[in-house]
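# Descriptive structure summary
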Amino acid sequence: MVDDSLLTRRRVMNLGFRTMLGVAGASIARRPGQFHSSASKPDRVASGQVSLKQRAASKGLIFGAASRYQDLRSNPNLAAALVKDCALLVPEWELKWSAGSALLRPSPDDFDFRKADWMANFAQTHQLLFQGHTLVWHLSLPHWFAKTVHAQNAEQILSQHIQRLVQHYRGRIHSWCVVNEAIAYDPRQGRSDGLQESPWLAFLGPEYLDLSFRMAAQADPRALLFYNDYGLDYDNPLDESKRRAVLKLLERLKAQGTPIHALGIQAHLRGEATDFNPRKLREFLREVAGLGLKIMITELDVNDLRLPANENTRDARVADVYEAYLTTVLDEPAVISVITWGLSDRYTYLAEDLSRIQGRDVRPLPLDRNLQAKPAWRAIAQALDQAPHR
Ligand code: XIL
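Residues numbered from 1 in each chain as written. Predicted model: local features only at pLDDT ≥ 70, side-chain atom pairs only at ≥ 80, totals over all residues. Heavy atoms only, no water.

## Remarks on the overall build of the chain
Scanning the chain from terminus to terminus reveals 14 helices and nine strands. Looking at the 390 residues of the chain, the share that counts as buried comes to 60%. Intrachain contacts of the chain at a sequence separation of at least 6 include 79% that bridge at least 24 residues. For the chain, the exposed area adds up to about 15,500 Å²; of that, 51% sits on carbon and sulfur atoms. (Helix = DSSP H or I, 4+ residues; strand = E, 2+ residues; numbered from the N terminus. Buried < 20%, exposed > 50% of the residue type's maximum accessible area, 1.4 Å probe, protein only. Contact = heavy atoms within 4.5 Å. Areas by Shrake-Rupley, 256 points an atom, 1.4 Å probe, with all protein chains shown as cover.)

Right under this line is the structure:
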């Protein structure tokens, strides 16, 4: 079966990384919450000697992060920190049709791979796996899209896009986010299948999902292909309906023989949340794994916007959230990777949030603005150390 051989190849790749990294079995015994006082600093330095990627690899897991061309290129310290802690890189903008200053599709007939290629080369040079994000999404579409794409040419444009990108990185990519966020924010409203309104749905119908995966598999039969979504983490009616809708979608795709290999759980977490229920999440992961799918945590961060202003309090709470979440998900053997959406608080998309409290920096990621490990880093390290072997 395609799935089995693919996963075997990935496993070999993981094991290869383990050997390559010569993993040390250091452990940390303290809880992240204990590290919000300055007295904890010496310990933090000592435990920082074993990187997150080494700790993950020793469990057969992959740790990685998203980053942007402009940040990685302009800040050698960020590049060094990323190479130190990560075994996988995801371009945050550069493989979207159009995002920020990265215009992969400046016009209907042009592809500009320069920024994405720089990132792929960076990954290759530093022996990082490379993950593609994202082929099919209702957002980050270029300005020409609305006036150019219609029901008659949508399939051809989609196929051209997927073929071009997937072939371009064939042999250099670990995994592709093929479809992103296809289920609506609130699946209880709108369509009975919970699908998000999008040009692809409007022009091609619900079959656009299966079609996209088939096109990607044809262009690169070796890449791990996944569906990615958000709002799956908490125990409330909204997230529960999202979990049900995603599960139904995955069941439908598997029943159709769609070449899908994994679910990506974005995991944009909320620092103030009180409705995290490890048992509920764990059950969902089991159900997904029961479909024969792997699971990746693809965009992990912890939003601290609604936490108290005191930095130490915020850092301690954010760390606790990381630890509780990762301890839960890493208990599921189908989970193969943990990827944070950025690595340093200096470069986080949460800083783009307009509702942000003026004058207060957000601190959602493992490293602070000066690339120093925060309690969140230690919490991730600890969760990785305590995770069962794959
Ligand atoms: C975000 C980027 O981080 C932002 O810089 C950009 O402006 C918008 O997109 N879910 C996803 C990611 O799948 O692509 C999003 O990334 C964050 C939410």
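## Comments concerning the site of the ligand
Taken together, 14 residues are adjacent to the ligand, and Glu92, Trp93, Lys96, His133 and Glu299 come closest. Within the side chain of Gln266, an N or O atom sits 3.3 Å from an oxygen atom of the ligand. Contact with the protein chains removes 83% of the 410 Å² of surface that the ligand exposes when unbound. Taken together, the residues that form the shell around the ligand break down as four nonpolar, four polar and six charged. (Near = heavy atom within 4 Å. Polar contact = N/O pair within 3.5 Å; in protein donor to acceptor, adjacent residues only side chain to side chain. Nonpolar A, V, L, I, M, F, W, Y, C, P; charged D, E, K, R; others polar.)

## Side note on the packing of helix 12 (residues 278-290) against helix 13 (residues 311-330)
Any two packed helices are characterised by the angle at which their axes cross and by the distance between the axes. Direction vectors running N to C along helix 12 and helix 13 enclose 35°, while the axes themselves pass 9 Å from each other. Judged by the twist between their axes, the crossing of helix 12 over helix 13 is right-handed. Residues Pro278, Leu281, Arg282 and Leu285 of helix 12 form the contact with helix 13, whose own contacting residues are Tyr325, Thr328 and Val329. Residue classes in the contact of helix 12 with helix 13 are distributed as five nonpolar, one polar and one charged. (Axes fitted to C-alpha atoms, helices over the stretch in contact; angles between N-to-C directions. Left-handed = near helix turned anticlockwise from the far one by under 90°.)

## Some words on the nonpolar core
Grouped together as the largest cluster of nonpolar side chains are 106 residues, with contacts concentrated most on Trp176, Trp200, Tyr227, Ile265, Tyr325 and Leu330. For this core, the leading source of residues is helix 13, giving eight residues. Residues in contact with Trp200, not counting those within four places in the same chain, are Trp97, Val136, Trp137, Phe145, Ala154, Ile157, Leu158, Gly205 and Tyr208. In terms of nonpolar packing, the next biggest core, distinct from the first, is built from eight residues, Ile62, Ala66, Ile339 and Trp341 among them. (Core = buried A, V, L, I, M, F, W, Y, C linked by side-chain atoms within 4.5 Å.)

## Re the packing of aromatic side chains
Summed over the entire model, instances satisfying the criterion amount to 12 aromatic pairs. Ring geometry for Phe113 and Tyr169: centres 5.9 Å apart, planes at 75°, overall edge-to-face. Highlighted residues: Phe113 in the loop between strand 2 (88-91) and helix 6 (114-125) and Tyr169 in the loop between helix 8 (154-168) and strand 4 (175-180), separated in sequence by 56 residues. Of the two residues examined, Phe113 and Tyr169, each falls in the buried class. Connected via pairs of aromatic rings, a cluster forms that spans Trp97, Trp144, Phe145 and Trp200. Between Arg105 and the ring centre of Phe111, over which it is positioned, the NZ or CZ distance is 4.0 Å. (Phe/Tyr/Trp six-rings, centres within 6.5 Å; stacked < 30°, edge-to-face > 60°. Lys NZ or Arg CZ within 6 Å of the ring centre and 35° of its normal.)

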